[in-house]
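Each chain, letter by letter, is given below.
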Amino acid sequence: MSEKKTKRRDFLFTATTAVGAVGAAAVVWPMIDQMNPDASVKALASTEVDVSSLTPGNTLTVLWRGKPVFIRRRTQEEIDEARSVKMEDLIHPEKDEDRAKNPEWLVMLGVCTHLGCVPLNDKGDYNGWFCPCHGSHYDTSGRIRKGPAPWNMEVPKYEFVNANTIKIG
Amino acid sequence: MSDHDYKPKSKVGQWFNDRLPLLTLANHLTDYPTPKNLNYWWTFGGILTFCLITQIVTGLTLAMHYIAHADMAFESVEHIMRDVNYGWLIRYIHANGASMFFLAVYIHIFRSLFYGSYKSPREIIWILGIIIYLLMMAAAFMGYVLPWGQMSFWGATVITNLFSAIPLVGEGIVTWLWGGYSVDNPTLTRFFTLHYLIPFLILGLVVLHIWALHVPGNNNPVGIDIKKPSKDTVPFHPYIVIKDGFALLMFMIVFAFFVFYAPNILGHADNYIEANPMVTPAHIVPEWYLLPFYAILRSVPDKLLGVVAMLSAILILAVLPWLDTSKIRSAVFRPLYKQFYWILVADVLILGYVGAMPAEGLYLLIARVATAYYFLHFLVILPVLGFKEKTLPVPLSITEPVLGGSPNLATARNKESKIE
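The shown structure was predicted, so the numbers you read here are calculated from the model rather than taken from an experiment. (Residues numbered from 1 in each chain as written. Chains lettered and ligands numbered in written order. Predicted model: local features only at pLDDT ≥ 70, side-chain atom pairs only at ≥ 80, totals over all residues. Heavy atoms only, no water.)

Draft legend 1. The arrangement of the nonpolar core in detail. By size, the foremost hydrophobic cluster in this structure holds 128 residues, and its most contacted members are Phe-102, Leu-113, Tyr-133, Trp-148, Tyr-374 and Phe-378 of chain B. It is helix H6 (residues 123-145) of chain B that contributes the most residues to this core, 15 residues altogether. If near-sequence neighbours (up to four positions away) are discounted, Phe-378 of chain B is found in contact with Ile-316, Leu-317, Leu-320, Leu-323, Leu-344 and Pro-383 of chain B. Listed in part, the 13 residues of the second largest apolar core include Leu-54, Trp-64, Val-69 and Trp-105 of chain A. (Core = buried A, V, L, I, M, F, W, Y, C linked by side-chain atoms within 4.5 Å. Buried < 20%, exposed > 50% of the residue type's maximum accessible area, 1.4 Å probe, protein only. Helix = DSSP H or I, 4+ residues; strand = E, 2+ residues; numbered from the N terminus. Contact = heavy atoms within 4.5 Å.)

In structure tokens, the structure reads:
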């Protein structure tokens, strides 16, 4: 059997390939990362909304990060309905108490978790929202009850700056 | 083949050809031996080349006037329609050209399915074709986003959201595709860039597709291997050039009908409303050529599995040469396959129809049955059929059935004996 000895040429070959691969990867990453949200998009990360005009049983839709946010001032009936649901009946179990810290106010992204359409208000089998695209039904807490959507509508980070103003983001 | 012996007649030609053998290539293309029994279903390769060139030329001219910006795109398209000289014509050719392109490619694909053109030794031609088809869908989808109407915006939202079905990294991929937290200006500008790039990628793949075709040569309606050149072949020029040219003119009549008499019939009225991220149109429907796959997506009640089913429906075609176990190429000699072929055609048309309808009740049921059958055809029927089917005797040459008066040898022999 012929003994294989590492020669100068083998070393050069391996070293060149290794440096070349690392170099290529280092150049490829900026090319990929440039497509991620840029600084100006990230800068628009929060928005303040005046909700003083909103009466119970109505919804305000505002744009946040290019997506609609539903701000619903719920009636007592809606709150009771949302809080009486058993966890085992839910596709994505979440307590209404966790979704709406202040029971009167429900704040969530108005984006269907199936494929991103905007659900319609006061529609569907559960008196909440209904997505016209592929037929997902949400309840008065924005939780998915029927249809292809896998999750409840997302509750973003928000806080009451004062009694009349909500800061989203 | 006489390719390598080719010598240009003129001295200048010889001088040039010794340095860059372009004239040898031209000679190969004109003399290229073609089966003499090719029917009109074989003219769609030429028609598709025409479609690609048309899309590139009209696309380049539209890009001179279009503005890829979320605030201006919609208006710039209206500007093209109303102010730019012949802008309406160029845009209508481009928009309907996409539909004509898909019409031609579907005929081309189903031609291959009927005559077994995807089988050995033509697998690479077939796979290159499937890649071209995938790129066509990507280009068409991104092109549809550019006018920034309601269907553009929500179509882009729904299709990009398909990637969110991928576990763990899905949401990150969608944000990366969008360049933000929703479909917006960064999405539009990158879609424009890619929409501009893809046709040239397709052009490169078309060259490979034709190159790969010229190695074994064309399949033919009888589906047998033929000697080239022989009395079974005719030179590409002038025989096929004229035939392709005639078919192309017929095709252009259909094309012109849509452009001049029904330019918006294949589109959606909602796309003449500017994109609005706050309101989703009541009924989101993709363009007609994507409807069968859309129906498959919606027929599966699970988000991830729906996306997997839709992608599989396309990718399954790439492995078709290995799923079809029959040694006989042409359906002419496969009595059972011929019937299953037409059932598949009907199945795809039904999927297209229910894809345009709301996904509920009877439509949903039909979509589910049709989806199941689609996969059944490729995964069960085709592999089994290759072993079970009793095929008809195949002629030894093209000339034989032509002289006998029928492509089916048995019938031809029958006829001959009756004459005697």
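Draft legend 2. Spotlight on the pattern of salt bridges. Residues and elements named next belong to chain B. This model, assessed by the stated rule, comprises 14 salt bridges over all chains. Residue Arg-82 pairs with Glu-78 through a salt bridge whose shortest N-O separation is 3.0 Å. A residue pair is termed a helical-turn pair when its members lie 3 or 4 positions apart in one helix, as Arg-82 and Glu-78 do in helix H4 (residues 73-82) at four residues. In this structure, a network of salt bridges that share partners links the residues Lys-119, Asp-324, Arg-334 and Glu-389. (Salt bridge = Lys/Arg side-chain N within 4 Å of Asp/Glu carboxyl O.)

Draft legend 3. Looking closely at a negative patch on the surface. Residues and elements named next belong to chain B. On the surface, a cluster of negative charge is contributed by Asp-71, Glu-75, Asp-184 and Glu-274. With respect to the element layout, Asp-71 can be found in the loop between helix H3 (44-63) and H4. A relative accessible area of 56% means that Asp-71 is categorised as exposed. (Patch = residues over 30% accessible without salt bridge, like charges linked within 9 Å, V, L, I, M, F, W, Y side chains within 5 Å. Areas by Shrake-Rupley, 256 points an atom, 1.4 Å probe, with all protein chains shown as cover. Lys, Arg positive; Asp, Glu negative; His and termini not counted. Charge placed at Lys NZ, Arg CZ, Asp CG, Glu CD.)

Draft legend 4. Inspection of the interface of chain B and chain A at higher detail. The interface of chain B with chain A comprises 26 residues on the first partner and 27 residues on the second. Summed over both partners, the interface of chain B with chain A comes to about 2,300 Å²; 64% of that surface belongs to carbon and sulfur atoms. Between chain B and chain A we count zero salt bridges in total. There are ten residue pairs in polar contact (both at pLDDT 80 or more) connecting chain B and chain A. For the side of chain B that touches chain A, the secondary structure elements donating two or more residues are helix H7 (150-161), helix H8 (170-178) and helix H11 (291-299) of chain B. Per-class residue counts for the side of chain B that touches chain A are 14 nonpolar, eight polar and four charged. (Buried area = accessible area lost by both parts, 1.4 Å probe. Polar contact = N/O pair within 3.5 Å; in protein donor to acceptor, adjacent residues only side chain to side chain. Nonpolar A, V, L, I, M, F, W, Y, C, P; charged D, E, K, R; others polar.)

Draft legend 5. Local environment of the confidence of the model for chain A. Averaged over all residues, the pLDDT of chain A equals 89, while 98% of them reach at least 70. Looking over chain A, one finds the lowest element-wise mean pLDDT in helix H2 (residues 39-43) of chain A, namely 85, and the highest in helix H1 (residues 8-33) of chain A, namely 95. (pLDDT = per-residue confidence, 0-100.)

Draft legend 6. Local environment of the side chain of Lys-119 of chain B. All names here are of chain B. Here Lys-119 lies in the loop between helix H5 (87-115) and H6. The exposure class of Lys-119 is buried, given its relative accessible area of 5%. Here the side chain of Lys-119 touches Asp-324 through a polar contact of 3.2 Å, side chain to side chain. Beyond its immediate stretch of four places on either side in the chain, Lys-119 contacts Asp-324, Ser-326, Ile-328, Arg-329 and Arg-334.

Draft legend 7. Local environment of the state of the cysteines. All names here are of chain A. Evaluation of the coordinates by the stated rule reveals one disulfide over all chains. Covalently, Cys-117 is tied to Cys-133 through a disulfide, its sulfur atoms 2.1 Å apart. The disulfide joining Cys-117 to Cys-133 has a torsion of about -100° about its S-S bond and is therefore left-handed. Of this pair, Cys-117 sits in the loop between strand E4 (105-109) and strand E5 (120-121) while Cys-133 sits in the loop between strand E6 (129-130) and strand E7 (137-138), and the two are 16 residues apart along the sequence. (Disulfide = S-S within 2.5 Å.)

Draft legend 8. Focus on the packing of H11 of chain B against helix H14 (residues 335-356) of chain B. Residue and element names in this part refer to chain B. Where H11 meets H14, the axes come as close as 7 Å, and the angle between the chain directions of the two elements is 70°. Accordingly, the angle class assigned to the pair H11 and H14 is roughly perpendicular. Residues Leu-291, Pro-292, Tyr-294, Ala-295, Ile-296 and Arg-298 of H11 form the contact with H14, whose participating residues are Val-348, Leu-351, Gly-352, Val-354, Gly-355 and Ala-356. A class-by-class count of the residues in the contact of H11 with H14 yields nine nonpolar, two polar and one charged. (Axes fitted to C-alpha atoms, helices over the stretch in contact; angles between N-to-C directions. Parallel < 35°, antiparallel > 145°, perpendicular 65-115°, else oblique.)

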